[in-house]
Amino acid sequence: MGSASPVPQRTTPSRQLAALPGSLLVRIAYCQCPLSITAEHAEAIQDFPELVRHDPFDRLLVAQASRTGLRLLTADQTLLGLGRDFIIDAGR
């Protein structure tokens, strides 16, 4: 006789986000539509030369938020240090 297998826990988006390290915690709230990567977004990366050595995915998120008018909620101190009004501190 083997031992009973553990019951899998239901994973919710909130639980998944809570498991991410702070520097990766990025939320776009209340958006139920896909956010495609466009040539405009790729071009907008150039608007943030101070991020040239930063994580490429973060650079893309910042560019997308700047061009689409979305707010970016993050705990990443480098992104917060940009001083852009659309980048919101998740720690507050």
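From a predicted model like this one, the values you see are computed outputs, not experimental measurements.

Draft legend 1. The arrangement of the environment of Arg 59 in detail. Within the fold, Arg 59 resides in helix H3 (residues 56–68). For the pair Arg 59 and Asp 47, spaced 12 residues apart in sequence, the C-alpha separation works out to 9.9 Å. Leave out the neighbours within four places in its chain, and Arg 59 touches Ile 45, Leu 51, Val 52 and His 54.

Draft legend 2. Molecular detail of the confidence of the model for the protein chain. Mean pLDDT for the protein chain: 77, with 64% of residues reaching 70 or above. By mean pLDDT, the top-scoring element of the protein chain is helix H4 (residues 77–80) (94), and the lowest-scoring one is strand E1 (residues 26–27) (46). Overall, residues 20–29 carries pLDDT values under 50, and its contacts beyond four positions in sequence, including any with other chains, amount to 18 contacts.

Draft legend 3. Seen up close, the pattern of salt bridges. One pass over the full model with this rule turns up three salt bridges. For the salt bridge of Arg 92 with Asp 89, the shortest nitrogen-to-oxygen distance reads 3.7 Å. Since its relative accessible area comes to 84%, Arg 92 is described here as exposed. One network of salt bridges, in which partners are shared, links Glu 40, Asp 47 and Arg 67.

Draft legend 4. Just H3, in detail. Spanning 13 residues, H3 covers 18 Å between terminal C-alpha atoms, matching the ideal 18 Å at 1.5 Å per step. Of the residues making up H3, those classed as buried are Asp 58, Leu 60, Leu 61, Val 62, Ala 63, Gln 64 and Ala 65. Of the residues that open H3, the one with a side-chain oxygen 3.0 Å from the backbone nitrogen of Phe 57 is Asp 55. Downstream of H3 by one or two residues, Gly 69 has phi in the positive range, about 80°.

Draft legend 5. Geometry of the nonpolar core. Grouped together as the largest cluster of nonpolar side chains are 11 residues: Phe 48, Leu 51, Leu 61, Val 62, Ala 65, Leu 72, Leu 79, Leu 80, Leu 82, Phe 86 and Ile 87. The set of elements that each furnish at least two residues to this core consists of H3 and H4. By residue number, the principal contributor to this core is H3, which donates three residues.

Cut-offs applied
Residues numbered from 1 in each chain as written. Predicted model: local features only at pLDDT ≥ 70, side-chain atom pairs only at ≥ 80, totals over all residues. Heavy atoms only, no water. Helix = DSSP H or I, 4+ residues; strand = E, 2+ residues; numbered from the N terminus. Contact = heavy atoms within 4.5 Å. pLDDT = per-residue confidence, 0-100. Salt bridge = Lys/Arg side-chain N within 4 Å of Asp/Glu carboxyl O. Buried < 20%, exposed > 50% of the residue type's maximum accessible area, 1.4 Å probe, protein only. Expected span 1.5 Å × (residues − 1). Polar contact = N/O pair within 3.5 Å; in protein donor to acceptor, adjacent residues only side chain to side chain. Core = buried A, V, L, I, M, F, W, Y, C linked by side-chain atoms within 4.5 Å.

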